[in-house]
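Chain residues, written in single-letter form:
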Amino acid sequence: MSEHSEHTGHVVPVRTYLLVFFALMAGTALTTAVAYIDLGRWNTVVALAIAFTKMCLVILFFMHVKYATGLTRVVILCGFFWLAIMITLTLSDELTRVWEINPSGWSALLPFASRLL
Amino acid sequence: MTEAAAHGAHPPGFAHQFEDMQQQREAGNLGMWVFLVTEILFFGGMFTAYIVYRLLHYESFVTGSHLLEVKFGATNTYVLICSSLTMALAIRSAQTGKRKGQIIFWLILTMIFGALFLGLKFTFEWRHDYIEHIVPGFGFQYRPEWGSLGPGVQMFMCFYFFMTGMHAVHMIVGLGILTVLVIMTARNKFSPGYYAPLEISGLYWHFVDIVWIFLFALLYLIGGRY
Amino acid sequence: MGLIQSGFNCMGVAWATIPFQPPAASSIAEGIDKLYLFLTGITLFFTVLVFSIVFYFMVKYRRREEHERPAETRTYLALELTWTIVPSLICVVIFVWSASLYVQNSRPPAASMEMFVIGKQWMWHIQHPEGPREINALHVPVGVPVKLTMTSQDVIHDFYIPAFRVKKDALPGRYTSLWFQATQTGTFHFFCAQYCGTSHSEMIGWVYVMSPSDYAAWLAAGEKTDSMAQQGARLFDHLGCGSCHVAEGNGRGPSLAGVYGKPEKLQSGETRVVDEGLIRQAIMVPNSVQLPNYAPIMPTYQGQVNEEQVLQLVAYVKSLGSQERKNGK
Amino acid sequence: MSTATAGAHDGPPESGVNYLNASYGIKSWLLTTDHKRIGLLYLVSVTFMFLVGGLAAVVMRLHLVEPQGALLEPETYNKFFTMHGIIMVFFFTIPAVPATLGNFLIPIMIGARDVAFPKLNLLSWYVFIVGAIITLGAILSGGVDTGWTFYPPYSSLYSQSHVAAVAIGVFITGFSSILTGLNFIVTIHKMRAPGMTWFRMPLFIWASYATSLIAVLGTPVVAITIVLLGLERLLHVGIFDPAVGGDPLLFQHMFWFYSHPAVYIMILPPMGVVSELITAFSRKRVFGYSFVAMSSLAIAVISFVVWGHHMFVTGQSIYAGLVFSVLSFMVAIPSAIKIFNWTATLYKGSISYEAPMLYAMGFIGLFTMGGLTGLFLAALATDVHLNGTYFIVAHFHYVMVGGAVIAYLGGIHFWWPKITGRLYPERWARLAALLVFVGFNLTFFPQFLMGYMGMPRRYAVYPAEFQVLNVLSSAGASVLGVGYFIPLIYLIWSLRYGKPAGPNPWGAKGLEWTIASPPPTENFLTPPVVEEAYNYSGTGGSHD
Ligand code: HEA
Ligand code: HEA
Ligand code: CUA
Ligand SMILES: [Cu+2]
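Rules of the game
- Residues numbered from 1 in each chain as written.
- Chains lettered and ligands numbered in written order.
- Predicted model: local features only at pLDDT ≥ 70, side-chain atom pairs only at ≥ 80, totals over all residues.
- Heavy atoms only, no water.
- Helix = DSSP H or I, 4+ residues; strand = E, 2+ residues; numbered from the N terminus.
- Rg over C-alpha atoms; globule rule 2.2 N^0.38 Å.
- Buried < 20%, exposed > 50% of the residue type's maximum accessible area, 1.4 Å probe, protein only.
- Contact = heavy atoms within 4.5 Å.
- Buried area = accessible area lost by both parts, 1.4 Å probe.
- Salt bridge = Lys/Arg side-chain N within 4 Å of Asp/Glu carboxyl O.
- Polar contact = N/O pair within 3.5 Å; in protein donor to acceptor, adjacent residues only side chain to side chain.
- Domains from an automatic or database assignment.
- Near = heavy atom within 4 Å.
- Nonpolar A, V, L, I, M, F, W, Y, C, P; charged D, E, K, R; others polar.
- Donors = N, O, S within 2.8 Å, 3.2 Å for Na, K, Ca; no water.
- Tetrahedral: all angles 85-135°; square planar, octahedral: opposite > 155°, others 65-115°.
- Pairing = 2+ DSSP bridges.
- Axes fitted to C-alpha atoms, helices over the stretch in contact; angles between N-to-C directions.
- Parallel < 35°, antiparallel > 145°, perpendicular 65-115°, else oblique.
- Left-handed = near helix turned anticlockwise from the far one by under 90°.
- Expected span 1.5 Å × (residues − 1).
- Patch = residues over 30% accessible without salt bridge, like charges linked within 9 Å, V, L, I, M, F, W, Y side chains within 5 Å.
- Areas by Shrake-Rupley, 256 points an atom, 1.4 Å probe, with all protein chains shown as cover.
- Lys, Arg positive; Asp, Glu negative; His and termini not counted.
- Charge placed at Lys NZ, Arg CZ, Asp CG, Glu CD.
- Phe/Tyr/Trp six-rings, centres within 6.5 Å; stacked < 30°, edge-to-face > 60°.
- Lys NZ or Arg CZ within 6 Å of the ring centre and 35° of its normal.

**Quick notes on the overall build of chain D**
Within chain D, the secondary structure is distributed over 15 helices and zero strands. The C-alpha radius of gyration of chain D comes to 23 Å, within 12% of the 24 Å expected for a compact globule of 544 residues. Expressed as lengths along the three principal axes of its C-alpha atoms, the size of chain D is roughly 70 × 45 × 45 Å. The 544 residues of chain D split such that 72% are buried. Contacts in chain D between residues at least 24 apart in sequence constitute 83% of all its contacts with a sequence separation of at least 6.

Quick look at the structure:
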């Protein structure tokens, strides 16, 4: 974070790398194991949550974003934000088409919402 | 011209348009991150299409997903995580001014893991898929038990091959970059003061790893395996 | 001199023949034209405003001598806010106006007469429920709301009747709909307005708006055909649908009597009303609308029936519905 | 005429060595990493593409003189408008301002020696050329007939033409755009001279920055979409084929996710050019500098959430339609802010009427019309009637030709003395500007009327009732063609015979006017330090 680190690059202790590494390995094992337990719609949620956590670990430590400038962080957030725009607005059409034939209201969206998970 | 000369001798790897090494390093780093953002949206296009169809053809996608072998996907995830660690260690060695042999060691290890990933994918997984007749365009066969889910299953397999294929292409490019890095290291290009190419390539490599983390979750694990 | 004279004459003729507005021949047209006029007004106002201010300043503040130094530009927040907020308000007005018109225009009245449109490269195929078919022509009675249910056999087309101000894409694999109520008799062009290949520009035809009695006469005069529902019934037999869908409801498939318009809970958990789209889906991709209490045994008829035949089957299933309702009362 | 004052008052004395004569030979151009030379490489390439695209337009307009079509078979006509659209959008307007003027000016304007990644910059040009050659090759060997929008399932299953080849060409060119955008973003962030703070940057830089954001965030999506389309076409995998569960509208979503923002890639840099022109020729800092700067960013961001307005009648849900409509109105506001601020800049200015200023004035008026007719289309109810008609053709030519092309011409004229060291003949330039303005309106205004009458676009033959308007439009196009042709001639003429320009023929502010024309290879002999932007009335280095 400090100005200094930007000059020469932050040196991350090997210990941290190893911890992150083991966390990632554990995450993979966990997510695989969970896939064999019936959690209903929560299976997808858990799988994505674990994937998201793993991603954060990689970005923060392996990619040194924990020690990077605000600019780098903004750039990354932009990427994900724009991806979110694309997904949400596309779905805003794809998920509401049935309403057209069937104008029964907002409740028509619910089954789709549950399937999202 | 005159500017760099005024700063004294060129440090290794210094390009004339910059004022100093720090500016150059920051520019390179920012450039790589911006590039990774384009990659996020590149893969993001596929993810968007995938999500849409997954919602429209949920049953088919679950059926399709169950045709994949989790053991292949999981093993490859482990392999890629290992390669990420070794890549990080390679950069760390350069940062802390270790002998070039050590840097090369970690780089080669990274390449081995990368090659292992591709090897497993091509020789085991895709071969298995081919034998099972689930490669669209290459002897794909509907199975009676799918019923009318067939087209959806084919669509899932399309996404599976397209997304993992795109990912594999990125891995191959990454292996090429690593080869160049090994050569550069061997020629003593890097020092604690200048290791930007290593650092930037590392970002790329880790990004490809992240993409796989999501592919694993989305392609292999949907709908549960119970 | 003579040349100039004839030049002017030409311009006069041109002016007289330049069309500015298409005929407004549907109940929808008037609303659209009003909004259009309003928007034209806004456009004219701002264009004239901007152009004249620019010209005025250009003349008034033209450079009079080479070394002129104008005063420093200042920022006036109030001005900035004005020209941010005023256009925003105008936009809100336009949006509310146009959106309400649009929502209104996209819901066909319940009592609409139904007709079916299939686009294919490169012709429009129109089918009346009573049986007659037409190609690149559409006969409708005046003063009656008409709902077109549309689909395409191949690529995307678009059914466009300028005089009615209506337009909608005809998509393969899906039903879209469009409605209008003609307000005057006459013939009007319709076009294909979505590029669809080589003869896209020849995929055009005429709407014949007739008085109701003329329309009835036209229907009667056509070659005697079965109604769509009757044709559908024949197909239903021919394809063996009846082997599972028996009227009493004890077959392998559900009874289709009275099913049209009913909300149905699907195995996937969602509830959908059985409409044209769902019936089509059941025939083409049965498992995508799997019902909970039935085995997934219904075969797909994709490839065995064309869009026209699907429409006939749909009409037949719908006709079962209406019978049922009548019986029920 | 202020152009007469061609003295070397500010700026360093001419050393005689500049980027043009620093080295000679084809190789010194094809292997150059100098951003100024790369800008010129682009200038030549996009001008060529413009001529090809313009030629197609001329043939189309000739063909449309008669309802039954005067020249071509329908199939050929379809290929012509497709090629016209693809070339004009992907190979002319998108690269035109950023890659020529942007490349030339961005480093100079921020006081840098070059862009951040000069080799990447050269690579972008080669990528562009490869894409262009593939596309032109495909066009020559039979062409493509899908329209520039490539909608499936027509493009994926039914078209008999070279869709895949053209798609590859466009895909490749996309990477040129991405790389250029990336380069500019890093350059603007990291290479500014001391004192060049964000709010001292010329407005052209702000516009280029916003444009680069769009290029970087949007282009990858169209790239992957085109790959999916190609895959579908080659392997029939069914991603957009409804017969096997695909959704053709998904393609439209993904296509417009890029292609709507792309229209702002086309208009933002010209808007930046106009900001520079207006300040220079009225000798005033732009009114509401920070509002104009921020509106560029606002446009860049909002442009990504409006794409569905191209799909109001395509079977998109009406709920999504409502959302996209309201967002489309939002994107009009920043444009309004710009228009009004430019107009206000003229107030109490010291205005002169050289050709670039005439173009800028034309831009303001025509863009206003083009933009406001965009509101007809953003309004759901009227779009139902106007979608797919010539009203849209008129709308986008007003913004793209009346806006982008005219501002581009203005910019070329304005910086021509800097780029070449020569003055162009002012009288001819004014005449050409006038011809372009008149010809343009004559060509495209009748198309608004035609569209409202109901004439669909992409029609090789049309009902006779539209003939009068079509003839008018074709007549206008010939005037427009002449208007474009004159600058082509006299600009080339001036390379040799034009008067030497001196560093600052317009008495304009900005770093580029402090150095020699043409600039030396490293741009600045002494590193610049910036104290204030657009310092027209204050102290410091007035030009006399
Ligand atoms: C440079 C290119 C460019 C630009 C800048 C724009 C700008 C805008 N465009 Fe346009 N557009 C295209 C290029 C462009 N467009 C193209 C190529 C197509 C067709 C593609 C195809 O199908 O082939 C198209 C199609 C198109 C459609 C789709 C129509 C359809 O297919 O049915 C719509 C719909 O909303 C639209 C809207 C707008 C709007 C609201 C703006 C706004 O940004 C305009 C904002 C500007 C102003 C509003 C003027 C200035 C303001 C004032 C003077 C103040 C007063 C203002 C108010 C009262 C608000 N455009
Ligand atoms: C910025 C982009 C741009 C530009 C500059 C233009 C410029 C012009 N356009 Fe274009 N146009 C589009 C973008 C553009 N267009 C797009 C995107 C489409 C939609 C395509 C689709 O539907 O898919 C379209 C469609 C389109 C149509 C509708 C076709 C149809 O739907 O059927 C028409 C019809 O009049 C037209 C006309 C013109 C004319 C007369 C010009 C004039 O301004 C051109 C004037 C130029 C010249 C006259 C060239 C001058 C030079 C010479 C004559 C010398 C040539 C010789 C040599 C090669 C040496 N255009
Ligand atoms: Cu059918 Cu155009
Ligand atoms: Cu748009």
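**Topic: the interface of chain D and chain B**
The interface of chain D with chain B comprises 37 residues on the first partner and 31 residues on the second. When the buried surface of chain D facing chain B is broken down by residue, R113, K190 and I224 of chain D rank first, second and third, together holding 21% of it. K190 of chain D is paired through a salt bridge with E26 of chain B; the nearest N and O atoms lie 3.0 Å apart. Between chain D and chain B we count five residue pairs in polar contact (both at pLDDT 80 or more) in total. Residue assignment for the side of chain D that touches chain B shows that the elements contributing at least two residues are α6 (163-190), α7 (203-235) and α8 (248-282) of chain D. A total of nine residues in the side of chain D that touches chain B trace back to one element, the largest contributor, which is α7 of chain D.

**Details of the domain arrangement of chain A**
Segmentation of chain A into domains returns domain 1 (11-66) and domain 2 (69-97). Each of domain 1 of chain A and domain 2 of chain A has a C-alpha centre, and the two are 22 Å apart.

**Quick look at the site of ligand 1**
Taken together, the neighbourhood of ligand 1 is formed by 33 residues, with Y264, D383, N387, H395 and R457 of chain D sitting nearest. Taken together, the residues near ligand 1 originate from chains C and D. Separating an oxygen atom of ligand 1 from a side-chain N or O atom of W148 of chain D is a distance of 2.8 Å. Breaking the shell around ligand 1 down by element, the ones donating at least two residues are α3 (77-105) of chain C together with α8, α10 (318-346), α11 (355-378) and α13 (390-420) of chain D.

**Things to note about the site of ligand 2**
Residue and element names in this part refer to chain D. Around ligand 2, a shell composed of 35 residues is seen, among which R61, Y77, H84, H397 and R458 lie nearest. Within the side chain of Y390, a nitrogen or oxygen atom sits 3.2 Å from an oxygen atom of ligand 2. At 2.7 Å, a backbone N or O of R458 approaches an oxygen atom of ligand 2. Considering every element that reaches the shell around ligand 2, the biggest residue donor is helix α2 (residues 35-63), with eight residues. Here the residues of the shell around ligand 2 are counted per class, giving 23 nonpolar, nine polar and three charged.

**Comments concerning the coordination of the iron atom of ligand 2**
Ideal values for angles at a metal depend on the geometry: 109.5 degrees with four tetrahedral donors, 90 or 180 degrees with six octahedral donors. Residues and elements named next belong to chain D. Coordination of the iron atom of ligand 2 by the protein is provided by H84 (NE2) and H397 (NE2), with metal-donor distances spanning 2.0 Å. Coordination at the iron atom of ligand 2 comes from six donor atoms whose angles at the metal span 86 to 179°, giving a geometry best classed as octahedral. With H84 in helix α3 (residues 74-109) and H397 in helix α13, this residue pair connects regions lying 313 residues apart in the sequence. H84 sits in the buried class, given a relative accessible area of 12%.

**Details of the sheet that holds strand β10 (residues 205-210) of chain C**
Residues and elements named next belong to chain C. Taken in spatial order, the five strands line up as β4-β10-β9-β6-β7 in an open sheet, and their pairing is mixed. The two strands at the open ends of the sheet, each matched to only one other strand, are β4 (137-141) and β7 (166-170). Adjacent strand axes in the sheet meet at a mean angle of 20°, parallel and antiparallel pairs treated alike. Bridge count between strand β9 (residues 186-192) and β10: five bridges; the pairing is antiparallel. When the sheet's bridge partners are listed, F190 is paired in β10 with G205.

**A short note on the sheet that holds strand β5 (residues 145-152) of chain C**
Note on sheets: strands pair through backbone hydrogen bonds, and any given pair is parallel or antiparallel. All names here are of chain C. Strands sit in the order β3-β2-β1-β5-β8 across an open sheet of five strands; the sheet is mixed. Each of the sheet's edge strands pairs with one partner strand only, and the pair in question is β3 (133-135) and β8 (176-181). The average angle at which neighbouring strand axes cross in this sheet is 25°, direction not considered.

**A closer look at the interface of chain C and chain D**
Listed as interface residues are 87 residues of chain C and, on the opposing side, 100 residues of chain D. Interface area for chain C against chain D, summed over the two sides, is near 8,200 Å², with a carbon-plus-sulfur share of 68%. It is R63, Y102 and Y195 of chain C that lose the most area in chain C upon contact with chain D, and together they represent 10% of the buried surface on that side. Linking chain C with chain D are zero salt bridges, by the criterion used here. The tally of links from chain C across to chain D stands at 24 residue pairs in polar contact (both at pLDDT 80 or more). Secondary-structure elements contributing two or more residues to the side of chain C that touches chain D are α1 (2-17), α2 (29-60), α3, β6 (157-161), β7 and β9 of chain C. Of the residues forming the side of chain C that touches chain D, the biggest block, 17 residues, is contributed by α2 of chain C.

**Brief notes about the coordination of the copper ion (ligand 4)**
Residues and elements named next belong to chain D. Bound to the copper ion (ligand 4) are the protein donor atoms H260 (ND1), H309 (NE2) and H310 (NE2), situated 1.8 to 2.1 Å from the metal. Counting residues between consecutive donors of the copper ion (ligand 4) along the chain gives the motif H-x48-H-H. The iron atom of ligand 1 is placed at 4.5 Å from the copper ion (ligand 4). Judged by its relative accessible area of 16%, H309 is buried.

**A word on the packing of helix α4 (residues 70-95) of chain B against helix α7 (residues 196-220) of chain B**
All names here are of chain B. It is the contact of α4 with α7, at a shortest axis distance of 10 Å, that shows an interaxial angle of 165°. Taken together, the axes of α4 and α7 are roughly antiparallel relative to one another. Regarding α4 and α7, the two cross each other, and that crossing is left-handed. Across the contact of α4 with α7, the residue classes tally to 13 nonpolar, eight polar and two charged.

**Considering α10 of chain D**
When the terminal C-alpha atoms of α10 of chain D are compared, their 44 Å separation across 29 residues agrees well with the 42 Å that a helix rising 1.5 Å per residue should span. In the stretch just after α10 of chain D, K348 of chain D is the one whose phi turns positive, near 55°.

**A few points about a positive patch on the surface**
A grouping of K60, R62 and R64 of chain C together with K348 of chain D is seen on the molecular surface, where their side chains present a positively charged patch. Residue position: R62 of chain C is located in the loop between α2 and α3. Assessed through its relative accessible area of 35%, R62 of chain C is described here as partly exposed.

**Some points on the packing of aromatic side chains**
Enumeration over the complete set of coordinates arrives at 87 aromatic pairs over all chains. Relative to F440 of chain D, the ring of Y398 of chain D lies with its centre 4.7 Å away and its plane at 65°, an arrangement referred to as edge-to-face. With Y398 of chain D in helix α13 and F440 of chain D in helix α14 (residues 426-453), this pair connects stretches of sequence that are 42 residues apart. Judged by its relative accessible area of 0%, Y398 of chain D falls in the buried class. In this structure, K167 of chain C packs its charged tip against the face of Y160 of chain C, placed 3.8 Å from the ring centre.

**Some points on the environment of N504 of chain D**
Residues and elements named next belong to chain D. Tracing the chain through its elements places N504 in the segment after α15 (467-497). The class of N504 is buried, set by a relative accessible area of 3%. Counting along the chain gives 370 residues from N504 to I134, while the straight-line C-alpha distance between them is 41 Å. Of the polar contacts made by the side chain of N504, one reaches the backbone nitrogen of G507; its length is 3.1 Å. Polar contacts involving the side chain of N504 include one to the main-chain carbonyl oxygen of A508, which spans 2.8 Å.

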